[in-house]
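Reading the structure
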Amino acid sequence: MSEAIIRMKDVRKTYRLGKVDIHALDGVTLEIQSGCFTSIAGASGAGKSTMLHILGCLDHATSGEVHVNGRNLSEMGDSELTAFRKRNIGFVFQFFNLIPTLTARENVLMPAMFDREKKAEKADELLKMVGMSHRTEHHPNEMSGGERQRVAIARALINDPPMILADEPTGNLDSQTGKEIIDLFRTLSGEGKTIVLVTHEKDVARFADRIITVKDGKVLDG
Ligand SMILES: Nc1ncnc2c1ncn2[C@@H]1O[C@H](COP(=O)(O)OP(=O)(O)O)[C@@H](O)[C@H]1O
Ligand SMILES: [Mg+2]
């Protein structure tokens, strides 16, 4: 068995709204193995995005332990977390989050920050890998939803992170296009990337190697 790249131990995330506490995560303990394609499934409001944001160093847990790629996230300061995120994690979102004024190639190069010139060739390779080499100079508004998501996946890979976190990546796509995007994640997982895909659609979750079901901030099974 390969090692766990993600470990969460009794993780809680509580939001205080006025006098009410909302337990978005209510004692989550789980491990995800390196190279595994995992779905986090569950209804809207179950805590899926909260979990992904904590794993992706976009938010802190209220309590509990989170280890990603051998590092304890709660022991890192903000600048260390930012550097860690850039090296280790690629994000894919439901609404693609591409910058409209930039071409496909420029969007892919965004997370490379100061290495853009060095990585221009890599951006073109990634666009080819996601089937978008004919679109490198196009802007997002000239692309279909599925094409935008392919560009977003190439962008997530530009710093060669071991892990891709995707929040409802097919939520804005028709089912055939969604299936093509899932196939792309499958290919990446076959190449050794760890994929964590959040979805409220059972039909999407079932394509992963493993399904973790979340309800009311707790892991039900998986
Ligand atoms: N910033 C926030 N402030 C207050 N409550 C929040 C916040 N973000 C999420 N929540 C609440 O936490 C719970 C889990 O939300 P979320 O993780 O977004 O669920 P999911 O992604 O499964 O739909 C929900 O009850 C939601 O309303
Ligand atoms: Mg969500």
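Coordinates for the structure precede this section.
Keep in mind the model is a prediction, meaning the values are calculated, not measured. (Residues numbered from 1 in each chain as written. Chains lettered and ligands numbered in written order. Predicted model: local features only at pLDDT ≥ 70, side-chain atom pairs only at ≥ 80, totals over all residues. Heavy atoms only, no water.)

1. A closer look at the environment of Asn-88
- Take Asn-88: it is sitting in helix H2 (residues 78-88).
- Given a relative accessible area of 7%, Asn-88 falls into the buried group.
- Residues Asn-88 and Asp-124, 36 residues apart in the sequence, show an inter-C-alpha distance of 21 Å.
- With near-sequence residues (within four places) excluded, Asn-88 lies in contact with Asn-69, Pro-161, Pro-162 and Met-163.
- A polar atom in the side chain of Asn-88 sits 2.7 Å from the side chain of Asn-69. (Helix = DSSP H or I, 4+ residues; strand = E, 2+ residues; numbered from the N terminus. Buried < 20%, exposed > 50% of the residue type's maximum accessible area, 1.4 Å probe, protein only. Contact = heavy atoms within 4.5 Å. Polar contact = N/O pair within 3.5 Å; in protein donor to acceptor, adjacent residues only side chain to side chain.)

2. What about the pairing of strand S8 (residues 194-199)?
- Of all six residues making up S8, six are buried, and the element is well covered by its neighbours.
- Side chains Thr-194, Val-196 and Val-198 project from S8 onto one buried face, and the interleaved Ile-195, Leu-197 and Thr-199 project onto a second face that is buried too.
- Taken together, the five bridges between strand S3 (residues 37-41) and S8 define a ladder with parallel strand orientation. Opposite Ser-39, over in S8, you have Leu-197 as the bridge partner.
- As paired elements, strand S7 (residues 163-167) and S8 share five bridges and run parallel to each other. Residue Ile-164 lies in a different strand from S8, and its bridge partner there is Ile-195.
- Read from S7 through helix H6 (residues 175-190) to S8, the crossover connection turns out right-handed. (Pairing = 2+ DSSP bridges. Right-handed = clockwise from strand over helix to strand, strands pointing away.)

3. A look at the site of ligand 1
- Residues in contact with ligand 1, as listed here, are Tyr-15, Ile-22, Ala-24, Ala-43, Ser-44, Gly-45, Ala-46, Gly-47, Lys-48, Ser-49 and Thr-50.
- Between ligand 1 and Gly-45 there is a distance of 2.7 Å, counted from an oxygen atom to a backbone nitrogen or oxygen.
- Here an oxygen atom of ligand 1 sits 2.5 Å away from a polar atom, N or O, in the side chain of Thr-50.
- A per-element tally of the shell around ligand 1 places helix H1 (residues 48-55) first, with three residues.
- Of the residues belonging to the shell around ligand 1, the class tally is five nonpolar, five polar and one charged. (Near = heavy atom within 4 Å. Nonpolar A, V, L, I, M, F, W, Y, C, P; charged D, E, K, R; others polar.)

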